[in-house]
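Here's the letter readout for the chains.
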Amino acid sequence: MVRAHMEMVKALLDGSRSIVALTGAGVSAGSGIPTFRGPDGLWKKQRPEDLARVDAFSQHPELVWEFYNWRREKVGQCTPNPAHMALAGMDKQVPNFLLITQNVDGLHTQAGSHRLMEMHGSLWRVQCSVCTYAREDRSSLPDMPVCPVCGHLLRPGVVWFGEPLVPGVLKVAIEAISSADIFLSIGTSNLVQPAASFYQLAKDHGAVTIEINSEPTPNTGLMDFALHGKAEDILPELVLGMSD
Ligand code: NAD
Ligand code: ZN
C-alpha cells in the first residue's frame, strides 16, 4: 500500500460530509466467512454461485436449503471484525452516510450500522416462495421449512443470481451515490452488477472514488485511489483519523 495515498484518503474522509460505502464479501473475510470466489469458497465441492440461483432452488430445493442452513449455522458463530466496527463508527460521524452491502451475513447490523442497505437481502430473513409472508428468524430451521400462511416452501430472504433486486433498492442507492462527496468500494471483486457500476455513477456526479481491497479488481484503474490490503487493517486506521 502506498503510504502517501493512505494519508491523502485520511484527509479526504476527515473533511467529508457525505459518504457512500459499498461493501462485499471481503469485509467479512476477517470474521472467518469465506468469500465466494476465494480458495475456501467451495461447499461439498460445489461452487456456491451454482446454488445461490433461482433455478437451483426450483430444481433442487432440498440441496439449496441444506446449503443455506449450513451457512446460517456457520455465519451465526461469526462476529463483526474491525472493518465492520470502523464502518459503524463512520455511520456515527458522517452527517450524510449510507452503507450499501452485498453481504447477507448481518454483521454490519451486529456491529451497529444503522444507515444500512442490505441490497442482496439477509440470511436471517425467510420468505414464502409463493405468497408475501416473510419473517426475521435466527433460529435453527427444519430441512425444508414451510410457510405458516399457505403451506408452500419457504426460501431464504436473499437475492439470488438471476433475480432482480427488491423494488426501490436501486433508487435509494442511486440517490445517495449521486449526492456523495466520497464513494468507497470495500472488499468486493466488482464482478456482480449493478453494484460494480456504482463507482461510475459516483464519478459522474463528482465524487472521489476510493477502492479498498486485498487485490486489484476490474475497477481498480478507474478509481481515484486504490488501497490494497485487508479491510480490517485499513478501515480502523482511516476512521481513527476522522474527527467528529
Ligand atoms: P467476492 O467474493 O466476489 O469478492 C470479494 C473480494 O474481497 C475479492 O476481490 C477479494 O480479493 C477481496 N478480499 C478478500 N479478503 C479481503 C479482506 N480481508 N479485506 C479486503 N478485501 C478482501 O465478493 P462480492 O464482490 O461481495 O460478490 C459476491 C456475491 O456473493 C455478493 O453478491 C454477495 O451477496 C455474495 N456473498 C456474500 C457473503 C457474505 O454475506 N459474507 C459471502 C460470500 C458471497
Ligand atoms: Zn406462503
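Structural notes, computed from the coordinates. (Residues numbered from 1 in each chain as written. Chains lettered and ligands numbered in written order. Predicted model: local features only at pLDDT ≥ 70, side-chain atom pairs only at ≥ 80, totals over all residues. Heavy atoms only, no water.)

1. Some remarks on the coordination of the zinc ion (ligand 2)
- Within the first shell, the zinc ion (ligand 2) binds the protein through Cys 128 (SG), Cys 131 (SG), Cys 147 (SG) and Cys 150 (SG), at distances of 2.2 to 2.3 Å.
- If you look at the zinc ion (ligand 2), its four donor atoms make angles of 100 to 120° with each other, and the shape they trace is tetrahedral.
- In primary-sequence terms, the residues that donate to the zinc ion (ligand 2) follow C-x2-C-x15-C-x2-C. Here Cys 131 is found in the loop between β4 (121-128) and β5 (134-136), whereas its partner Cys 150 is found in the loop between β5 and β6 (154-158), with 19 residues between them in sequence.
- A residue is classified by how much of its surface remains accessible, and Cys 131, at 27% relative accessible area, is partly exposed. (Donors = N, O, S within 2.8 Å, 3.2 Å for Na, K, Ca; no water. Tetrahedral: all angles 85-135°; square planar, octahedral: opposite > 155°, others 65-115°. Helix = DSSP H or I, 4+ residues; strand = E, 2+ residues; numbered from the N terminus. Buried < 20%, exposed > 50% of the residue type's maximum accessible area, 1.4 Å probe, protein only.)

2. Some words on helix α5 (residues 61-76)
- With 16 residues, α5 should cover 22 Å at 1.5 Å per step; its first-to-last C-alpha distance of 22 Å lies within 8% of that length.
- Here α5 has its buried residues at Pro 61, Val 64, Trp 65, Phe 67, Tyr 68, Asn 69, Arg 71, Arg 72 and Val 75.
- Against α3 (48-51), α4 (54-59), β4 and β6 lie the buried residues of α5. (Expected span 1.5 Å × (residues − 1). Contact = heavy atoms within 4.5 Å.)

3. Focus on the packing of aromatic side chains
- Enumeration according to the criterion identifies four aromatic pairs in this entry.
- When the centroid spacing of 5.1 Å and the interplanar angle of 75° are considered together, the rings of Phe 67 and Tyr 68 count as edge-to-face.
- Relative accessible area serves as the criterion here: at 1%, Phe 67 is assigned to the buried category.
- With relative accessibility at 2%, the residue Tyr 68 sits in the buried group. (Phe/Tyr/Trp six-rings, centres within 6.5 Å; stacked < 30°, edge-to-face > 60°.)

4. As for the sheet that holds β6
- Spatially, the three strands line up as an open sheet ordered β5-β4-β6, and their pairing is antiparallel. Across the chains shown, the open sheet's two edge strands, defined by having one partner strand only, are β5 and β6. Across this sheet, the average inter-strand angle for adjacent strands is 35°, counted without regard to direction.
- For β4 and β6, the ladder comprises four bridges, and the chain directions are antiparallel. Bridge pairing in β6 links Gln 127 to Arg 155.
- Along the sheet face, α5 touches β4 and β6 and points at about 140° away from the line of β4. (Pairing = 2+ DSSP bridges. Axes fitted to C-alpha atoms, helices over the stretch in contact; angles between N-to-C directions.)

5. As for the side chain of Glu 49
- Turning to its location among the elements, Glu 49 is positioned in helix α3.
- Judged by relative accessible area, which is 14%, Glu 49 ranks as buried.
- Not counting the four nearest positions on each side in its chain, Glu 49 is found in contact with Phe 36, Arg 37 and Phe 161.

6. Points about the pairing of β4
- When you tally the buried positions in β4, you get six out of eight residues, the bulk of the element.
- Pairing analysis gives three bridges linking β4 to β5, with the strands arranged antiparallel. Looking at the pairing, Gln 127 lines up with Ala 134 of β5.
- The turn linking β4 back onto β5 is made up of five residues.

7. A short note on the site of ligand 1
- Taken together, 27 residues lie near ligand 1, and Arg 37, Gln 102, Asp 105, Thr 188 and Ser 189 sit nearest.
- A distance of 2.7 Å separates a nitrogen atom of ligand 1 from a polar atom in the side chain of Asp 105.
- Interatomic distance of 2.6 Å between a side-chain N/O atom of Ser 189 and an oxygen atom of ligand 1.
- Taking 850 Å² as the accessible area of ligand 1 by itself, protein coverage stands at 92%.
- Where the shell around ligand 1 is concerned, the elements lending two or more residues are α2 (26-29) and α10 (231-240).
- When residues in the shell around ligand 1 are grouped by element, the largest group, three residues, is from α2.
- Partitioned by chemical class, the residues of the shell around ligand 1 number eight nonpolar, 13 polar and six charged. (Near = heavy atom within 4 Å. Polar contact = N/O pair within 3.5 Å; in protein donor to acceptor, adjacent residues only side chain to side chain. Areas by Shrake-Rupley, 256 points an atom, 1.4 Å probe, with all protein chains shown as cover. Nonpolar A, V, L, I, M, F, W, Y, C, P; charged D, E, K, R; others polar.)

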